[in-house]
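Given next are the chains, with one letter for each unit.
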Amino acid sequence: MESFKWMQINAKDLPATNGLYAWYYRLHIGKNDIESLREEIEQLSLPSEKKTRIRAFVNKYLFNFFKEEDYDVFIDGQLKAKYQGKVSHQIDVSASIVDKIFEDFEILWEIRSTLKSMDYNFSSPLYIGMASNLAQRVNKHKSLIQRYRAEKGDVYEHDETADHNFAARIVCRNFIETNLIVVLSEVPSTGSMHNIMENIMNRISFPILGRN
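Below is a short write-up of the structure. Just so it is clear, the structure is predicted and the values come from calculations on it, not from any experiment.

Details of the overall build of the protein chain
And then number 1: Each helix and strand in the protein chain was counted, giving seven helices and six strands.
And then number 2: In sequence order, the secondary structure elements of the protein chain are arranged as β-β-α-α-β-β-α-α-β-α-α-β-α.
And then number 3: With respect to the principal axes defined by its C-alpha atoms, the protein chain has extents near 65 × 60 × 30 Å.
And then number 4: The burial tally for the protein chain puts 35% of its 212 residues in the buried class.

In structure tokens:
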């Protein structure tokens, strides 16, 4: 199993064999982002306003990347009215985290430093797929992401196949490409084993941007 950073894709020889691949995202908070937040908070007077801004910041740079897409819900019961609609994932930022940052802003710098030192596999995979040629598939993912980023349009109007859909949602969710990492694992094609393993791993991990 090998991992490749964004800049290594296309620049290094990826295995052109059967196998599974998984995309991960390394969380990062920029120095300028923290300083901008500090300036905003200093201009606010009410503690509640400051905490609301801190909560929004934590959501934007840590949790929103991993927000689940809406669920389609249908509720039915014997001799009961039926209900149908969509429900949204409500991200719950811990009040204790907000309070700690409010009381000691420097904690954000410690969070930033800790995130930089942590390995990518502490987070959930964004997407798990299979390919008969891993190098070809991963390079296609990268080129599609770059294409959609350059177009800056409504990427959901494009092809809804898995590769295009993944690339479109990476762009729509404002992932920073250079923080993406792909992990490759060669799997024998005998008996469609790569197909079987993709099915199993998707149902264990439930990737945020998965489709199968």
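Details of the environment of I176
And then number 1: You can see I176 is positioned in the loop between helix 6 (162–172) and strand 6 (180–186).
And then number 2: The class for I176 is partly exposed, based on a relative accessible area of 40%.
And then number 3: Along the primary structure I176 and Q78 are separated by 98 residues, whereas in three dimensions their C-alpha atoms are 49 Å apart.

Observations concerning the packing of aromatic side chains
Two numbers describe a pair of aromatic rings. These are the distance of the centres and the angle of the planes.
And then number 1: Evaluated as defined, the whole model comprises nine aromatic pairs.
And then number 2: Between Y25 and F175, the aromatic rings sit 4.8 Å apart at their centres with planes inclined by 80 degrees, giving edge-to-face as the arrangement. Taken as a pair, Y25 in strand 2 (residues 19–25) and F175 in the loop between helix 6 and strand 6 lie far apart in primary sequence, 150 residues in all.
And then number 3: In this structure Y25 comes out as buried when scored by relative accessible area, which is 2%.
And then number 4: Residue F175 is classed as buried on the basis of its relative accessible area of 1%.
And then number 5: In this structure an aromatic cluster arises from ring pairing among W6, Y21, W23, Y127 and F166.
And then number 6: Over the aromatic face of F102 sits the side chain of K51, whose NZ or CZ is 5.2 Å from the ring centroid.
And then number 7: Above the face of the W6 ring, K142 is positioned so that its terminal group lies 5.0 Å from the ring centre.

Things to note about the sheet that holds strand 1 (residues 2–5)
And then number 1: Here four strands make up an open sheet; going across it, the order is 1-6-2-5 and the pairing antiparallel. Where the open sheet ends on each side, the last strands, each with one partner, are strand 1 and strand 5 (127–131). Neighbour-to-neighbour, the strand axes of this sheet turn through a mean angle of 25 degrees, independent of strand direction.
And then number 2: The pairing of strand 2 with strand 5 spans five bridges and is classified as antiparallel. Bridging across to strand 5, W23 finds its partner in Y127.
And then number 3: Relative to the sheet, helix 5 (residues 134–151) contacts strand 2, strand 5 and strand 6, its axis offset from that of strand 2 by approximately 30 degrees.
And then number 4: Relative to strand 5, helix 7 (residues 193–205) is tilted by about 175 degrees, and along the sheet it contacts strand 2 and strand 5.

Some details on the nonpolar core
And then number 1: Y21, W23 and L126 are the most contacted members of the largest nonpolar core, which totals 45 residues.
And then number 2: Sort the elements by how many residues they give to this core and helix 5 lands first, with six residues.
And then number 3: Grouped together as the second largest cluster of nonpolar side chains are six residues, Y24, Y120, I181 and V183 included.

Quick notes on the environment of A11
And then number 1: As for its placement among the helices and strands, A11 is situated in the loop between strand 1 and strand 2.
And then number 2: We classify A11 as exposed; its relative accessible area is 61%.
And then number 3: When the C-alpha atoms of A11 and V138 are compared, they prove to be 12 Å apart, with 127 residues separating the residues in sequence.

Some thoughts on the packing of helix 1 (residues 31–42) against helix 4 (residues 107–117)
And then number 1: With their axes 11 Å apart at the nearest point, helix 1 and helix 4 run at an angle of 165 degrees to one another. When the axis of helix 1 is compared with that of helix 4, the two are roughly antiparallel. As helix 1 runs across helix 4, the sense of the crossing is right-handed. Contacts between helix 1 and helix 4 involve K31, I34, E35, L37 and R38 from the former and L108, W109 and R112 from the latter.
And then number 2: Of the residues belonging to the contact of helix 1 with helix 4, the class tally is four nonpolar, no polar and four charged.

The rules behind the values
- Residues numbered from 1 in each chain as written.
- Predicted model: local features only at pLDDT ≥ 70, side-chain atom pairs only at ≥ 80, totals over all residues.
- Heavy atoms only, no water.
- Helix = DSSP H or I, 4+ residues; strand = E, 2+ residues; numbered from the N terminus.
- Buried < 20%, exposed > 50% of the residue type's maximum accessible area, 1.4 Å probe, protein only.
- Phe/Tyr/Trp six-rings, centres within 6.5 Å; stacked < 30°, edge-to-face > 60°.
- Lys NZ or Arg CZ within 6 Å of the ring centre and 35° of its normal.
- Pairing = 2+ DSSP bridges.
- Axes fitted to C-alpha atoms, helices over the stretch in contact; angles between N-to-C directions.
- Contact = heavy atoms within 4.5 Å.
- Core = buried A, V, L, I, M, F, W, Y, C linked by side-chain atoms within 4.5 Å.
- Parallel < 35°, antiparallel > 145°, perpendicular 65-115°, else oblique.
- Left-handed = near helix turned anticlockwise from the far one by under 90°.
- Nonpolar A, V, L, I, M, F, W, Y, C, P; charged D, E, K, R; others polar.

Interpretation in functional terms is not warranted from these geometric data alone.
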